[in-house]
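Geometric and topological summary
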Amino acid sequence: MTNEDKARELRRQLRRIERKKQERVRQLLMAGLLCGCVLIILASVIVCVQWILHKEKVNPAEVLVPEYVEVNLLTPNEFSRPEIPLTEVNNIVVHYVANPCSTARENRNYFESLKDQKGSKTTSVSSHFVIGLEGEVMQCIPLGEVAYASNNRNSDTISIECCHPDTTGKFYDSTYKTLVNLSAYLCREFELDAKDVIRHYDVTGKACPKYFVDNEDAWKKFHEDVEAALKVIKKCGKFLPEN
């Protein structure tokens, strides 16, 4: 092999070595970039998890009711207003009164009358709100207290009882509109979604509210209406019943 051939072979070897070095550098850069992306993703996940875990829950006692609600609180008593603190709200529960043609005030007064019970056979029942046949709303229990309405979910829910004209349990339009608007308002205040409005049926299997249990399409439409109202209330700041 001549000196010239040896020189060419040496140059080829040097070029191979240089290419290997460059490839190694590229691999290290790619590995570093990948590690950086993974670290950023992990950091983002950790921040999100910490935010979720440490997110300050809404204090129900600090939430104000809409101005169209008539506040007529029950007298504190063990059967309908036990004054047990409600510390968190995860759902809004819809009920029907199951007493056709009764008014919001009559149902509120029934809850009030339970304080006078004596003997071993007693009833414990109440609701945060009762919506009447004309769309009026009466508040019976403060939002910072438990109502006896939703069985094992009393400790983390707000309850809404609705009046109805007949045994089908279907609400008048006036009652329905107020239910939609009040549900949307409470969803905004407690940072919930429309899907977080549930039926008593979803808690216990009881046919309550009857019309929404018997007619799933009506329940689906109700959720759609609450979602639409929630978008409006978030945008405009408040949303009053259109009765």
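Not measured: the values here are computed from a predicted model.

Reading the values: the criteria
Residues numbered from 1 in each chain as written. Predicted model: local features only at pLDDT ≥ 70, side-chain atom pairs only at ≥ 80, totals over all residues. Heavy atoms only, no water. Buried < 20%, exposed > 50% of the residue type's maximum accessible area, 1.4 Å probe, protein only. Helix = DSSP H or I, 4+ residues; strand = E, 2+ residues; numbered from the N terminus. Pairing = 2+ DSSP bridges. 1 Å grid on protein atoms, 1.4 Å probe; cavity = no way out; pocket = protein on both sides within 12 Å on 5 of 7 lines; lining within 4 Å. Points joined across faces, edges and corners; volume = space filled by probe spheres on them. Nonpolar A, V, L, I, M, F, W, Y, C, P; charged D, E, K, R; others polar. Axes fitted to C-alpha atoms, helices over the stretch in contact; angles between N-to-C directions. Core = buried A, V, L, I, M, F, W, Y, C linked by side-chain atoms within 4.5 Å. Polar contact = N/O pair within 3.5 Å; in protein donor to acceptor, adjacent residues only side chain to side chain. Contact = heavy atoms within 4.5 Å.

1. Observations concerning the pairing of strand S2 (residues 91-96)
In terms of residue burial, S2 counts as a mostly covered element, since 6 of its 6 residues are buried. For S2 and strand S5 (residues 157-162), the ladder comprises 6 bridges, and the chain directions are parallel. Residue Asn 91 lies in a different strand from S5, and its bridge partner there is Thr 157.

2. Considerations on the layout of surface pockets
Computed from the structure, the largest pocket encloses a volume of approximately 340 Å³. In this structure, the largest pocket is lined by 20 residues; those nearest its centre are Tyr 96, Val 97, Val 125, Glu 161 and Lys 206. Those elements that place two or more of their residues in the lining of the largest pocket are S2, helix H2 (104-113) and helix H4 (200-204). No other element matches the 3 residues that H2 contributes to the lining of the largest pocket. Considering only residue class, the lining of the largest pocket consists of 9 nonpolar, 9 polar and 2 charged.

3. Overview of the sheet that holds strand S6 (residues 197-199)
What holds strands together in a sheet is hydrogen bonding between their backbones, with the strands either parallel or antiparallel. Ordered by their spatial adjacency, 6 strands build an open sheet running S1-S4-S3-S5-S2-S6, and the pairing between neighbours is mixed. Each edge of the sheet is formed by a strand with only one pairing partner; in this case those strands are strand S1 (69-71) and S6. The mean angle between the axes of side-by-side strands here comes to 25 degrees, regardless of whether they run parallel or antiparallel. As paired strands, S2 and S6 are joined by 3 bridges and run parallel to one another. Paired with Val 93 across the two strands is Ile 198, which belongs to S6.

4. Some points on the nonpolar core
Among the nonpolar cores identified, the biggest contains 38 residues, and Phe 129, Ile 158, Ile 160, Leu 179, Leu 186 and Phe 222 are the most heavily contacted of them. When contributions to this core are tallied by element, the ones reaching two or more residues are S2, strand S3 (129-131), S5, helix H3 (173-189) and helix H6 (216-236). Looking at which element gives the most residues to this core, the answer is H3, with 8 residues. In this structure, Leu 74, Phe 111, Cys 140 and Cys 163 belong to the second largest nonpolar core, which totals 10 residues.

5. Some points on the side chain of Ser 183
Within the secondary structure, Ser 183 sits in helix H3. Engagement of the side chain of Ser 183 in a polar contact is seen with the backbone oxygen of Leu 179, the distance being 2.7 Å. Here Ser 183 is in contact with Ile 160, Val 197, Phe 222 and Val 226, once residues within four sequence places are set aside.

6. A closer look at the environment of Val 137
By secondary structure assignment, the location of Val 137 is in strand S4 (residues 137-139). Remark: the alpha-carbon pair of Val 137 and Ile 41, spanning 96 residues in sequence, is separated by 48 Å. Setting aside residues no more than four positions away along its own chain, Val 137 makes contact with Tyr 68, Val 69, Glu 70, Phe 129, Val 130, Ile 131, Thr 178 and Leu 182.

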